[in-house]
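For reference, the chains in residue letters:
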Amino acid sequence: MTFKMGRRALLTAIAAFGLSGPALADGHQVVDSLHFLIPGGAGGGWDGTARGTGEALTGAGLVGSASYENMSGGGGGKAIGYLIENADSNHGTLMVNSTPIVIRSLTGVFPQSFRDLTLVAGTIGDYAALVVAADSDIQDVNGLIDAFNADASAVAIGGGSVPGGMDHLVAAMVFQAAGADPVAMKYVPYDGGGATMAGLLSGEVQAVSTGFSEAVELAKAGEVRIIGVTADDRVDAYADAPTMLEQGNDTTFVNWRGFFAAPGLPDDKLAMYQDAIAKMYETDEWETVRARNGWVNIHNPGADFQTFLENQETVIGDLMKKRRSSKSHQ
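Computed from a prediction, not measured in an experiment: that's the story for all the values here.

J.: Hey, could you run me through helix 2 (residues 45–59) in this one?
T.: Since there are 3.6 residues in each turn of an α-helix, residues three or four apart along the chain are aligned in direction. Between its terminal C-alpha atoms helix 2 stretches 21 Å, which fits the 21 Å expected from 15 residues at 1.5 Å a residue. Of all the residues in helix 2, the buried ones are Gly45, Trp46, Asp47, Thr49, Ala50, Gly52, Thr53, Gly54, Ala56 and Leu57. Glycine 61 sits one or two residues past helix 2 and shows a positive phi near 80°.

J.: Looking at this structure, how should I read the packing of helix 2 against helix 10 (residues 284–293)?
T.: The relative placement of two packed helices is expressed as an angle between their axes plus a distance between the axes. At a minimum axis distance of 8 Å, the contact between helix 2 and helix 10 shows a crossing angle of 160°. For the element pair helix 2 / helix 10, the angle class is roughly antiparallel. You can see that helix 2 and helix 10 cross each other, and the crossing is right-handed. Packed against helix 2, whose contacting residues are Gly52, Thr53, Glu55, Ala56 and Gly59, the element helix 10 presents Glu285, Trp286, Val289 and Arg292 at the interface. When the residues that make up the contact of helix 2 with helix 10 are grouped by side-chain class, the tally is three nonpolar, three polar and three charged.

J.: Would you explain the pattern of salt bridges in this entry?
T.: A side chain with one charge can pair with a side chain of the opposite charge if their charged atoms come near. Scanning the entire structure with this criterion turns up nine salt bridges. Between glutamate 217 and lysine 220 there is a salt bridge; the shortest N-O distance is 4.0 Å. Here glutamate 217 pairs with lysine 220, and both are found in helix 8 (residues 212–220), just three residues apart, close to one helical turn. Looking at lysine 220, the relative accessible area reads 48%, which means it is partly exposed. Here lysine 279 and aspartate 275 are joined by a salt bridge, their closest N and O atoms 3.4 Å apart. Taken together, the positions of lysine 279 and aspartate 275, both in helix 9 (residues 267–280) and four residues apart, correspond to about one turn of that helix. Among the ionic contacts, a cluster of salt bridges with common partners joins Asp126, Glu214 and Arg257.

J.: What am I meant to see in helix 3 (residues 77–85) here?
T.: If you check which residues of helix 3 are buried, you get Gly77, Ala79, Ile80, Gly81 and Leu83. Of the surrounding elements, those touching the buried residues of helix 3 are strand 1 (31–38), strand 3 (93–98), helix 4 (100–106) and strand 9 (254–261).

J.: Explain the environment of isoleucine 80 here, please?
T.: Its place among the elements puts isoleucine 80 in helix 3. Residues isoleucine 80 and aspartate 116 lie 36 residues apart in sequence; the distance between their C-alpha atoms is 9.0 Å. In this structure, isoleucine 80 is in contact with Met95, Asn97, Ile101, Phe110, Gln112 and Leu117, ignoring residues within four places of it in sequence.

J.: I tried to follow the packing of aromatic side chains on my own but got confused; where do I start?
T.: Aromatic ring pairs: the centre-centre distance and the angle between the two ring planes describe each pair. Evaluation of the coordinates by the stated rule reveals nine aromatic pairs. Judged by centre distance (5.6 Å) and plane angle (65°), the ring pair of phenylalanine 36 and phenylalanine 259 falls under edge-to-face. Here phenylalanine 36 is found in strand 1, whereas its partner phenylalanine 259 is found in strand 9, with 223 residues between them in sequence. By the burial criterion, phenylalanine 36 is buried, and phenylalanine 259 matches it. Their ring planes at 45° and their centres at 5.2 Å tell us that phenylalanine 260 and phenylalanine 305 sit as a pair that is tilted. Placement of the pair is phenylalanine 260 in strand 9 and phenylalanine 305 in helix 11 (residues 302–328), with a sequence separation of 45 residues. Phenylalanine 260 gets classed as buried once you look at its relative accessible area, which sits at 0%. Here the aromatic cluster, defined as three or more aromatic residues joined through ring pairs, consists of Trp256, Phe260, Phe305 and Phe308.

J.: Explain the nonpolar core here, please?
T.: In summary, soluble globular proteins display a tendency toward joint burial of nonpolar side chains. Core analysis: the biggest nonpolar cluster contains 29 residues, and Leu34, Leu57, Leu94, Val120, Met280 and Trp286 have the highest contact counts within it. Looking at this core, the elements that each hand over two or more residues are strand 1, helix 2, strand 3, strand 4 (118–133), strand 9, helix 9 and helix 10. Top element by residues in this core is helix 9. It accounts for five residues. Each residue touching leucine 34, except ones within four places of it in the same chain, is listed here: Leu57, Val63, Ser65, Ala66, Ser67, Gly92, Leu94 and Tyr273. Listed in part, the 28 residues of the second largest apolar core include Phe114, Leu119, Ala128 and Phe260.

J.: Teacher, can you tell me more about the environment of alanine 129 here?
T.: Among the secondary structure elements, alanine 129 is positioned in strand 4. For alanine 129 and valine 174, which are 45 residues apart along the polypeptide, the C-alpha to C-alpha distance reads 10.0 Å. The residues contacting alanine 129, other than those within four sequence positions of it, are Val208, Ser209, Thr210, Phe212, Ile226, Gly228 and Val229.

J.: What's the story with the layout of surface pockets in this structure? I'm lost.
T.: If a probe the size of a water molecule is rolled over the atoms, the empty space left behind becomes visible. Estimates place the volume of the largest pocket at around 490 Å³. Around the largest pocket, the lining is made up of 39 residues, and of these Trp46, Gly160, Ser161, Val162 and Asp167 lie nearest the centre. Those elements that place two or more of their residues in the lining of the largest pocket are helix 2, helix 4, strand 4, helix 6 (166–177), helix 7 (193–201), strand 7 (207–211) and strand 9. Split by residue class, the lining of the largest pocket holds eleven nonpolar, 21 polar and seven charged.

Calculation rules
Residues numbered from 1 in each chain as written. Predicted model: local features only at pLDDT ≥ 70, side-chain atom pairs only at ≥ 80, totals over all residues. Heavy atoms only, no water. Helix = DSSP H or I, 4+ residues; strand = E, 2+ residues; numbered from the N terminus. Expected span 1.5 Å × (residues − 1). Buried < 20%, exposed > 50% of the residue type's maximum accessible area, 1.4 Å probe, protein only. Axes fitted to C-alpha atoms, helices over the stretch in contact; angles between N-to-C directions. Parallel < 35°, antiparallel > 145°, perpendicular 65-115°, else oblique. Left-handed = near helix turned anticlockwise from the far one by under 90°. Contact = heavy atoms within 4.5 Å. Nonpolar A, V, L, I, M, F, W, Y, C, P; charged D, E, K, R; others polar. Salt bridge = Lys/Arg side-chain N within 4 Å of Asp/Glu carboxyl O. Phe/Tyr/Trp six-rings, centres within 6.5 Å; stacked < 30°, edge-to-face > 60°. Core = buried A, V, L, I, M, F, W, Y, C linked by side-chain atoms within 4.5 Å. 1 Å grid on protein atoms, 1.4 Å probe; cavity = no way out; pocket = protein on both sides within 12 Å on 5 of 7 lines; lining within 4 Å. Points joined across faces, edges and corners; volume = space filled by probe spheres on them.

Okay, structure coming up:
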């Protein structure tokens, strides 16, 4: 399913960013150990967010040790179901997720929603990017659109999320902004960012829609070229990457990511996790991770996180209703 969304509409739900800068934490350990549950494959945005957060928390001494588990399936639904079904034995687990937890619930792809979990905190925003292989003939976003318009069947866009998921949605937004038919766009889903980039480098797809942070290191290594970023201005983490806006494509977007825990998590555990994350923003270790990935700081703990998610649910739900209404009148 392809969502025909306004190019800036989703930003309405992501407008309440709390920006913070680095300082020094007291180094006091808040949590003995944390297990991160990652709903997708290695190398994806969820994977990078969980491992980067764990790196900063342990490096700063706020968490004693961190472990990681990738559990792909169902656009994130498998991990959500697992966390709910095994809640009592997972009080030491944090699951990373993002905008798709709202989208997939609204579309009925899986029955659960964020209301079935314990909300810990929203933590970061990641810009999206379109990427091609370093030796590609496609030089920029307009070149990609030109190739698609010339022969739509010869241009496939890869992504690390399921059809109708975040990577698919962003690519569709870019194509729509350029006046190209997003429904005719061929989208190829992969399990996580690592598999997606492998598909690009092997020639299975001509371009990839992904999180900006997932593409930065490969771009620096000369393996890929970032042909467009959905930021208002160039991002310091890789300033060689042009924005969509400077190429005449009116697409801006930031995908939030945050952490959830099992339902019924004891209040004292929740308070510890939220305290550790709040203190993380004050550390140099976190600023190193954030700057390396080009993330935006977002901190929406507890009740603020719920308000944020309910707002996004309303905005996305309204957009989906408008889309269904417009299709029924065609």
